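Residue-level structure breakdown
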Amino acid sequence: MNLHIRNLDTQDFQRILPLVDNWWDGRKMSHLLPRFLFEHFQNTSFVIEKQGEIIGFLIGFLSQSNVHSAYIHFIGIDPNYRRAGLASELYTHFFQTVEKYRVKTVHCITSPINKKSIEYHMKTGFSILLGDQNINGLDVHSNYDGEGNDRVVFVKHL
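Below you will find a few notes about this structure. Everything numeric in this text was worked out from a predicted model, so none of it was measured.

With 12 residues, helix α1 (residues 12-23) ought to run about 16 Å at 1.5 Å a step, and its terminal C-alpha atoms sit 16 Å apart, in line with that. The positive-phi residue at the C-terminal boundary of α1 is Asp25, with phi of around 55 degrees.

Structural data, given as structure tokens:
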């Protein structure tokens, strides 16, 4: 498919922001991608391109509180390229990168209503951390991101 994975750079902010809401069928997601992520986490964040066009990206970073942990903040894949293994390529690239920093665990979160994300993370070796409530058999952390913003919290051991 002639794909190229490279590190994220500051200029990607202007390129990615207009894409994100469209990639989520108009759901407002761009507010989750402030510019500082593009400026300060380039060593552990990546873009996947096809012929110069951004078709996917991952923003992740090393934990400042736990030197053996990393966090994946956001991953996006152009809907026209989903189910082509691009998310797996980006995740693998991230895991290989953070392992060089002696990272042993990777964390990420998703909304309890995002069934596709939950299934994907479980298939790729993430485990769900015990939450403070159980909804339809799913451990959930209530108000994780503020009042009414419950989240499923994942961990993957490298």
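From this point, the narrative continues.
What follows is about the nonpolar core. With 24 residues, the main nonpolar core has Ile72, Phe94, Phe95, Val106 and Phe126 as its most contacted residues. Residue contributions to this core peak at 7 residues, all from helix α3 (residues 86-99). Setting aside chain neighbours within four positions, we find Phe94 in contact with Thr44, Phe46, Leu58, Gly60, Phe61, Ala70, Tyr71, Ile72 and Val106. Grouped together as the second largest cluster of nonpolar side chains are 15 residues, Phe13, Val20, Leu37 and Ile54 included.

Now for the pairing of strand β5 (residues 105-110). With 3 bridges connecting them, strand β4 (residues 69-77) and β5 associate as parallel partners. Along β5, the bridge assignment pairs Ser69 with Thr105. Regarding topology, α3 serves as the crossover connection from β4 to the parallel β5, and that connection is right-handed. Examined bridge by bridge, β5 and strand β9 (residues 152-157) share 6 bridges and lie antiparallel to one another. Of the residues in β9, the one forming a bridge with Thr110 is Val152.

Although it is not a glycine, Gln51 adopts a positive phi angle of roughly 50 degrees. On the secondary structure map, Gln51 appears in the loop between β2 (46-50) and β3 (53-62). The backbone of Asn136 sits at a positive phi, close to 50 degrees, despite the residue not being glycine. Locating Asn136 in the fold gives a position in the loop between β7 (133-135) and β8 (138-140).

So, about the sheet that holds strand β1 (residues 3-7). Judged by pairing direction, the sheet is mixed, and its 7 strands sit side by side in the order β1-β2-β3-β4-β5-β9-β6 without closing on themselves. One side of each edge strand has no neighbouring strand; the edge strands of this open sheet are β1 and β6 (127-128). Here 5 bridges tie β1 to β2, and the two strands are oriented antiparallel to one another. The partner of Arg6 across the bridge, within β2, is Val47. In the packing of α1 onto the sheet, the strands contacted are β1, β2, β3 and β4, and the crossing angle to β3 comes to about 105 degrees.

What counts and what doesn't
- Each chain carries its own residue numbering, running from 1 in the written order of its sequence.
- Totals for whole chains, interfaces and linings use all residues, but because this is a predicted model, local features are given only for residues with pLDDT of at least 70 and pairs of side-chain atoms are given and counted only at 80 or more.
- With hydrogens and water excluded, all non-hydrogen atoms of the structure serve as input to the side-chain values.
- Put simply, DSSP H or I for four residues or longer makes a helix, DSSP E for two residues or longer makes a strand, and each gets a number counted from the N terminus.
- Here the expected span of a helix is defined as 1.5 Å times the quantity of residues minus one.
- Here, the term nonpolar core denotes a set of buried Ala, Val, Leu, Ile, Met, Phe, Trp, Tyr and Cys residues that are joined through side-chain atoms within 4.5 Å.
- Exposure categories follow from relative accessible area, calculated using a 1.4 Å probe and restricted to protein chains: below 20% of the type maximum is buried, above 50% is exposed, and the middle band is partly exposed.
- In this description, contact between two residues means that some pair of their heavy atoms is separated by no more than 4.5 Å.
- Here, a strand pair is defined by DSSP locating no fewer than two bridges between the strands.
- Classification remark: right-handed applies to a crossover when, strands pointing away from the viewer, the course from the first strand over the helix to the second runs clockwise.
- Here the axes come from fitting lines to C-alpha atoms, over the contacting stretch only for helices, and the angles between their N-to-C directions go from 0 to 180 degrees.

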